[in-house]
Every structure is written in structure tokens, then in C-alpha cells.
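# Tertiary structure, described
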Amino acid sequence: MNGNADMEGSSLWRNVRLATLREDLGPLGVIEKGAVAVRGGRIVYAGAEADLPGELSRAEQVIDCEGRWMTPALIDCHTHLVHGGNRAREFQLRLEGATYEEIARAGGGIVSTVKATNALSVEELVTAALPRLDTLLSEGVSTVEIKSGYGLNIDAELKMLRAARQLERLRPVRVVTSYLAAHATPPEYKGRNVGYIEDVVLPGLTQAHAEGLVDAVDGFCEGIAFSPAEMARVFDRAKALGLPVKLHAEQLSDLGGARLAASYGALSADHLEYLDQDGAAAMAKSGTVAVLLPGAFYTLRETQLPPVAALRAAGTRIAIATDCNPGTSPLTSLLLAMNMSATLFRLTLEECLAGVTREAARALGIVGETGTIEAGKSADLALWSIDAPAELIYRIGFNPLSERIFKGERIAR
């Protein structure tokens, strides 16, 4: 850079303690007395302030962080943020002893949310989703994955995806969409999963792709949803369209969904409470990330823990997400999801923080763009008023965010 003109739009965060999450720098990728220089929305330097090139110290905007901690902005890599209505009544029924499967088979669960979602326009869906999105953003989140899956007909699935895209235009956030029409079978197709896939899921996917509404393809592989063979039909169409896949798998039983996902080189397999060692090994070999969802585990009062030891032993990458949805995980706090993952699943500090930054980015296929603090990546950052990174995980109901930075732009809490 030469001259003042080259400094236009540049920013420098100095006197900052960095948890870069770079794997080559040891646990959390910590750099004490660090600095981050940004130009054009991208990081041009992240390292020790003492090594900062002189020209970068003359940034247009210089922020003294006063020794605060900075991490990559958080990433919620599994949400159902766009939907209509709520399922507080079903929550009450579960408190009275009904199981998730019993509620679903009686016409509740996903299908009940379908009715509420179908009743809303794109604009109404956006209005309903904004408070949930804003709550996530207030905790330092800058990337959110949003699924369809509560439409179960072509028009409604597309409507959900259009609402998700609109959210990205209304807020400073990166939205990654997943097409999840293979989420449940609507009543009119009861007992005819293949017919539903052929009539709705596949043509809807083709149309969503043609309109640029879908970034990845998802499904629910479970006894109350779709079999591995049925999901393979959907994944084959996704592959033909050049779209990556992911899968809700092994949440209530082990149908081999994670192995199926791995065979397609899936970005992630999510839930995984009933995953076996072979499934974990298959995921590790394919690079498929294990996305753990403690909000659903907690809400459903599950007792089958995800096989964290097997995932570690296999070398499977682990991410964490809220699974924000109206029925089984009405959670809009990624900070709480980290605490739950540590407390319920016994994840370590590094696994928790990596799980909502670097590994969450990997689970979305965007780890080359965001998820760590290093030169060349988007300047998606979170500045925290904490004494140590462990505070982000151990506190409950406390938000120490000082400011969020998205593509280099400072956004007050």
C-alpha cells in the first residue's frame, strides 16, 4: 500500500488477544498482543502486533481493543430459522410423557409446523424469522445456515428459501441455504415416500437450483422419515446438479445414514446420537463433519449421548449448532449451545470454540472463506469483553460480546 488513498476503507484492530483457531498455531491458535489489519473487507494481516508491517499501522480506522479477546465470528451451521408458528403445546405434551415419535405419528411434529408455514407469505416468514436471526447475531454470529423443509410442496419449499435469501439482504449476515424437502412425508403421501420424492422433492430441487436458491441438499434419514435408499435418490439428483449434500442421521436409531452421507462425500452428518464406530470412521475418511446438536438432545430429554470418543478416535471433525427449530430445539443461543456441548457431551474448550467457528465453516463448505482469523479470509470477527476464552463456554445466559465485525464492517452489539 502506498499513500493515503491506499488506506481508504482500511481498519486495524490492535492491542488484542487473538484466538485465531488456526490449527498450525496450537490450541485455539492464540496470539497474545496481536493485531488484525483489514482492507476491502478481507484480512490482510493477523499476527503479533510487533511484527505488523509499518504501512498497515497507518489504517484509516485504528481500534485499540484494550486487551480484549477476538475470535472468528461465530457460525451456526444447522438451523431451521424460517418457519411459521410454534410448538409450545407439543412441548407441554412431552412434559406430560409423550415421546417425539408418538407426537409425530399422531400428526404433530414437523407436519404441524408445515401447516403454519404454508399459511404465511414470504414477507411474513421473513418478519417471523428476523427476531430469531437478530438474537443469534447479537451473540457474535455472522454466518447462518437456514433450511427449508416445512413446506413439503414445491411452492412452499421455494417460498422458505426465498425468505432465507431475503434475510441476507436485510441484515449484515452470510446465509447458506439447504434444501430439505425430504424432511417428512405430508399426509397426502402417507405410506408413499417414493411418490413424494418423485413428485415433489426432485422437481422442487431442480427448480430451486435453477433459481439460485439452494447451496446444499439435506434430508432426514430415520424410521419416521426416509430410508437410506430413498435418500440416495435425492442425493443422486443433487450430485447431478453439482450440489453438495448433508444429512440428519442417526438421531433416533442407526439406519446407516451417516455412512450413506459419507459415501456421497457429504459436507456433514448431523445429530448422530446412535452413530456407530464404522459410521464415524466413514465420516472421517470422507471429510464429513459431525454436527452435534445439544439443543435437541436437551429438549427431547435424550439419554443416548453422541459417540464423542468414537468421533475423536476416528479423527472425525466436530461442529456444534443450535438446530434452531420450533419443535425439538427452540434455541437461539450459540453460546448456550457451546455450554451444553461441554456440559452434556463433555467436549473440550477447543472443540467447542472450533465447533462454532472453523469446523462449522467446514460443515458448510466455506472454511476457505471464513471460520479462522488469517490473511486472505473474510474479516468476520467477534470482539469479546472476557478475561479468557473459557468464559464464552462456562457462563450461562451471559453475553460478553463487545462488537461484531462482518466483512470488515464494525457492528455494535
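Residues numbered from 1 in each chain as written. Predicted model: local features only at pLDDT ≥ 70, side-chain atom pairs only at ≥ 80, totals over all residues. Heavy atoms only, no water.

### Concerning the overall build of the chain
For the chain, the count of helices and strands is 16 helices and 16 strands. Here the C-alpha radius of gyration of the chain, 21 Å, is about what a compact globule of 413 residues would show, namely 22 Å. Viewed in the frame of its principal axes, the chain has a C-alpha envelope of about 70 × 40 × 40 Å. Looking at the chain residue by residue over its 413 residues, the buried ones come to 57%. Partitioning the intrachain contacts of the chain with sequence separation of at least 6 by distance along the chain shows that 71% fall at a separation of at least 24. Accessible surface, the chain: about 15500 Å² in total, of which carbon and sulfur atoms supply 50%. (Helix = DSSP H or I, 4+ residues; strand = E, 2+ residues; numbered from the N terminus. Rg over C-alpha atoms; globule rule 2.2 N^0.38 Å. Buried < 20%, exposed > 50% of the residue type's maximum accessible area, 1.4 Å probe, protein only. Contact = heavy atoms within 4.5 Å. Areas by Shrake-Rupley, 256 points an atom, 1.4 Å probe, with all protein chains shown as cover.)

### Here's the deal with the sheet that holds strand E11 (residues 268-271)
Pairing is parallel across the open sheet formed by eight strands, whose spatial order is E6-E7-E8-E9-E10-E11-E12-E13. Of all the strands in the sheet, just strand E6 (74-76) and strand E13 (318-320) have a single pairing partner and so form its edges. Taken over all neighbouring pairs, the strand axes of this sheet differ in orientation by 25° on average, direction set aside. Of the pairings in the sheet, the one linking strand E12 (residues 289-292) to E13 comprises three bridges and is parallel in character. Bridged to Val291 within E13 is Ala319. (Pairing = 2+ DSSP bridges. Axes fitted to C-alpha atoms, helices over the stretch in contact; angles between N-to-C directions.)

### Focus on the UniProt feature "domain: Amidohydrolase-related" (unreviewed entry) in the chain
When the UniProt feature table is mapped to this numbering, "domain: Amidohydrolase-related" (unreviewed entry) covers residues 70-386. End-to-end, the C-alpha atoms of residues 70-386 are 10 Å apart, and along that stretch the chain is 45% helix and 15% strand. (UniProt positions renumbered as here; feature names shortened; annotations may be inferred.)

### Digging into the UniProt feature "binding site: Fe(3+)" (unreviewed entry) in the chain
Per the UniProt record, "binding site: Fe(3+)" (unreviewed entry) is annotated on His78, His80, His248 and Asp323. Spanning 246 residues, the annotated positions come together in the fold, the maximum distance between their C-alpha atoms being 12.3 Å. Apart from the residues lying within four places of it in its own chain, the contact partners of His80 are Lys147, Ser148, Tyr150, Leu180, His183, His248, Asp323, Cys324 and Asn325. Side-chain polar atoms of His80 contact the side chain of His78, separated by 3.3 Å. When you line up the elements, His248 lands in strand E10 (residues 246-249). Setting aside its immediate chain neighbours within four residues, His248 contacts His78, His80, Lys147, Leu180, Asp218, Gly219, Phe220, Cys221, Asp270 and His271. At a separation of 3.3 Å, a polar atom in the side chain of His248 contacts the side chain of His78. (Polar contact = N/O pair within 3.5 Å; in protein donor to acceptor, adjacent residues only side chain to side chain.)

### Side note on the packing of aromatic side chains
Under the defined criterion, the tally for this structure stands at four aromatic pairs. Centre to centre, the rings of Phe235 and Tyr264 are 5.3 Å apart; their planes meet at 70°, and the pair counts as edge-to-face. With a gap of 29 residues between them, Phe235 in helix H8 (residues 228-241) and Tyr264 in the loop between helix H9 (257-263) and E11 connect regions that are remote in the sequence. Taking the relative accessible area as the measure of exposure, Phe235 reaches 0% and is therefore buried. You can call Tyr264 partly exposed: its relative accessible area is 26%. Connected via pairs of aromatic rings, a cluster forms that spans Tyr189, Tyr196 and Phe226. Sitting over the face of the ring of Phe398, Arg395 holds its NZ or CZ atom 4.5 Å from the ring centroid. (Phe/Tyr/Trp six-rings, centres within 6.5 Å; stacked < 30°, edge-to-face > 60°. Lys NZ or Arg CZ within 6 Å of the ring centre and 35° of its normal.)

### Topic: the pattern of salt bridges
Between side chains of opposite charge, pairing is possible as soon as their charged atoms come close. Taken as a whole, this structure holds 26 salt bridges when the rule is applied. In this structure, Lys246 engages Glu145 in a salt bridge whose closest nitrogen and oxygen atoms are separated by 3.7 Å. You can see Lys246 sitting in strand E10 and its partner Glu145 sitting in strand E7 (residues 141-147), a full 101 residues away along the chain. In this structure, Lys246 and Glu145 share a single accessibility class: buried. Between Asp215 and Arg165 there is a salt bridge, with its nearest N and O atoms 3.1 Å apart. You can see Asp215 sitting in the loop between helix H7 (193-210) and strand E9 (216-221) and its partner Arg165 sitting in helix H6 (residues 154-170), a full 50 residues away along the chain. In this structure, a network of salt bridges that share partners links the residues Glu23, Arg317, Arg358, Glu359 and Arg362. (Salt bridge = Lys/Arg side-chain N within 4 Å of Asp/Glu carboxyl O.)

### Structural notes on the packing of helix H5 (residues 122-137) against H6
Relative to each other, H5 and H6 sit at 55°, their axes nearing to 9 Å. With respect to each other, H5 and H6 are oriented oblique. For the pair H5 and H6, the crossing hand works out as right-handed. On H6, the residues touching Val122, Leu125, Val126, Ala129, Leu130 and Leu133 of H5 are Lys159, Met160, Arg162, Ala163, Gln166, Leu167 and Leu170. Counted by class, the contact of H5 with H6 contains ten nonpolar, one polar and two charged residues. (Parallel < 35°, antiparallel > 145°, perpendicular 65-115°, else oblique. Left-handed = near helix turned anticlockwise from the far one by under 90°. Nonpolar A, V, L, I, M, F, W, Y, C, P; charged D, E, K, R; others polar.)

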